[in-house]
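Each chain, letter by letter, is given below.
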Amino acid sequence: MTGTAAGGGSVRAGVPRPEHVHLGTISTAVAPLVHGPSRSARVVAATAYAVHLATGDRELPAIAVVTRDAIRLPNALVLPFSSADRPLDLNTPRAGFGAGRVVVGPVHFEPEASWTPPRVQGASSPPDPARIGQVTVLLDALAQPLPPPLAPRLTDLRHALHANRSGEVRRAARALVGLGPGLTPSGDDILCGALLASRAWGGSLAPLSEAVADASLRTPLLSAALLRHAVRGECVPQAHAFLRALSGEGPPLELEPAVRELLAVGHHSGGDLARGVLAVGLSRARKVTGDRNDYPLK
């Protein structure tokens, strides 16, 4: 049943006319949810840059509404204004999505176009061993150090990937799920990197995917959502560019800028994601170079 809004538009009976409507561009990864049936949602985090909603959907557990100067997450509806112009730290529990909109309190966000998040495909070439070595040096110099509980867990994952034993990879990966503070714990960021690299270069994609299958029960919702996207190869543009640079796609001079751009993602997320990529890259590069021990596993 519909009623008639001022100006001749129609609204559903009992639904107040929104005070504010903002148009944006929706990721094709979550567009089916936004254009599907109307459903209630829950705000799980809100900052000046982004509002994150829990959807209740197993495969797509979160939708993000982000400003143009935010990190472009693969599940994002991107708005044309900056966080300085219109901060998104909306203090409301009421939210929903569907029927062509995302609703947060009195504000409606409606997609007028779509964008396709970068998706990692099988690389045409394996990781370049020389570039792996360069990135290892850059990360040691530029990235935030891993907290002590995480370093030995990352070493375990590297050893398991090097041994190429599915059971060991699965156990080492499960030990990283949810490990660390914040909305995207370092352990999850490492696993996102490992999942993306395994999709690009082959290797342990299946056991890594199995290890994060129940992540929604073991880590914050936003992080669980990004892990689901990583299983499908979907990622932020900076991660995609970093993987291309490591594969030798592009001149060597592009490698350091790609590292720096990835390190600018979040407080620690970019560096942790790079470590996950390197964990896989080290094992795949050894296959190419005859299993030489050029780069340390620890």
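Not measured: the values here are computed from a predicted model.

Focus on helix 7 (residues 221-231)
Here's step 1: With ten of its eleven residues buried, helix 7 lies for the most part within the structure.
Here's step 2: Buried within helix 7 we find Leu222, Ser223, Ala224, Ala225, Leu226, Leu227, Arg228, His229, Ala230 and Val231.
Here's step 3: Lining the buried residues of helix 7 we find strand 5 (50-54), strand 6 (62-66), helix 5 (186-201) and helix 6 (205-211).
Here's step 4: Phi for Gly233, located one or two positions after helix 7, is positive at around 90 degrees.

Quick look at the pattern of salt bridges
Here's step 1: A complete count under the given rule lists eleven salt bridges for this structure.
Here's step 2: Put simply, Glu59 and Arg58 hold a salt bridge, and the shortest N to O gap is 2.8 Å.
Here's step 3: Judged by its relative accessible area of 33%, Glu59 is partly exposed.
Here's step 4: Residue classification places Arg58 among the exposed residues on the basis of a relative accessible area of 57%.
Here's step 5: Salt bridges sharing common partners tie together Arg58, Glu59, Arg228, Arg232 and Glu234.

Side note on unusual backbone geometry
Here's step 1: Residue Ala99 is not a glycine yet carries a positive backbone phi of 55 degrees.
Here's step 2: Following the sequence through the fold, Ala99 ends up in the loop between strand 8 (94-98) and strand 9 (101-104).
Here's step 3: Under the relative-accessibility criterion, Ala99 is labelled partly exposed at 41%.
Here's step 4: The phi dihedral of Asn164 is positive, around 60 degrees, even though this residue is not glycine.
Here's step 5: Mapped onto the secondary structure, Asn164 falls in the loop between helix 3 (150-163) and helix 4 (166-174).
Here's step 6: The class of Asn164 is partly exposed, set by a relative accessible area of 44%.

Things to note about the nonpolar core
Here's step 1: Ranked by size, the top nonpolar core spans 65 residues in total, and within it Leu157, Leu191 and Leu246 carry the most contacts.
Here's step 2: Ignoring any residue separated from it by four or fewer positions in sequence, one finds Leu157 in contact with Val169, Ala172, Ala173, Leu176, Ile190, Leu191 and Leu208.
Here's step 3: If you look at the next biggest cluster of nonpolar residues, it comprises 21 residues, including Leu33, Phe81, Leu88 and Val107.

Quick look at the environment of Leu246
Here's step 1: Relative to the helices and strands, Leu246 is located in helix 8 (residues 237-246).
Here's step 2: Taking the C-alpha atoms as reference, Leu246 lies 9.6 Å from Gln134; in sequence the two are 112 residues apart.
Here's step 3: Contacts of Leu246, omitting those with residues within four sequence positions, involve Pro127, Asp128, Arg131, Ile132, Val135, Trp201, Leu255, Val277 and Leu278.

Comments concerning the packing of aromatic side chains
For any pair of aromatic rings, the description consists of the separation of the ring centres together with the inter-plane angle of the planes.
Here's step 1: Within the structure shown, the criterion is met by zero aromatic pairs.
Here's step 2: Over the ring of Trp115 we find Arg72; its NZ or CZ atom is 4.8 Å from the centre of that ring.
Here's step 3: Over the aromatic face of Phe81 sits the side chain of Arg86, whose NZ or CZ is 5.0 Å from the ring centroid.

Quick word on the packing of helix 5 against helix 8
Here's step 1: Two elements in contact, helix 5 and helix 8, have axes separated by 11 Å at closest approach and are oriented at 45 degrees. If you check the angle between helix 5 and helix 8, you find them oblique. Remark: the crossing between helix 5 and helix 8 carries right-handed chirality. Residues Leu196, Ala197, Ala200 and Trp201 of helix 5 form the contact with helix 8, whose own contacting residues are Ala239, Leu243 and Leu246.
Here's step 2: Of the residues in the contact of helix 5 with helix 8, the class split is seven nonpolar, no polar and no charged.

Concerning the sheet that holds strand 5
Here's step 1: Strand order in this closed barrel of eight strands is 3-7-6-5-4-8-9-10, and the pairing throughout is mixed. Here the average twist between neighbouring strands, direction ignored, is 35 degrees.
Here's step 2: On the sheet, helix 7 packs against strand 4 (39-46), strand 5 and strand 6 and is oriented at approximately 80 degrees with respect to strand 5.

Reading the values: rules and limits
Residues numbered from 1 in each chain as written. Predicted model: local features only at pLDDT ≥ 70, side-chain atom pairs only at ≥ 80, totals over all residues. Heavy atoms only, no water. Buried < 20%, exposed > 50% of the residue type's maximum accessible area, 1.4 Å probe, protein only. Helix = DSSP H or I, 4+ residues; strand = E, 2+ residues; numbered from the N terminus. Contact = heavy atoms within 4.5 Å. Salt bridge = Lys/Arg side-chain N within 4 Å of Asp/Glu carboxyl O. Core = buried A, V, L, I, M, F, W, Y, C linked by side-chain atoms within 4.5 Å. Phe/Tyr/Trp six-rings, centres within 6.5 Å; stacked < 30°, edge-to-face > 60°. Lys NZ or Arg CZ within 6 Å of the ring centre and 35° of its normal. Axes fitted to C-alpha atoms, helices over the stretch in contact; angles between N-to-C directions. Parallel < 35°, antiparallel > 145°, perpendicular 65-115°, else oblique. Left-handed = near helix turned anticlockwise from the far one by under 90°. Nonpolar A, V, L, I, M, F, W, Y, C, P; charged D, E, K, R; others polar. Pairing = 2+ DSSP bridges.

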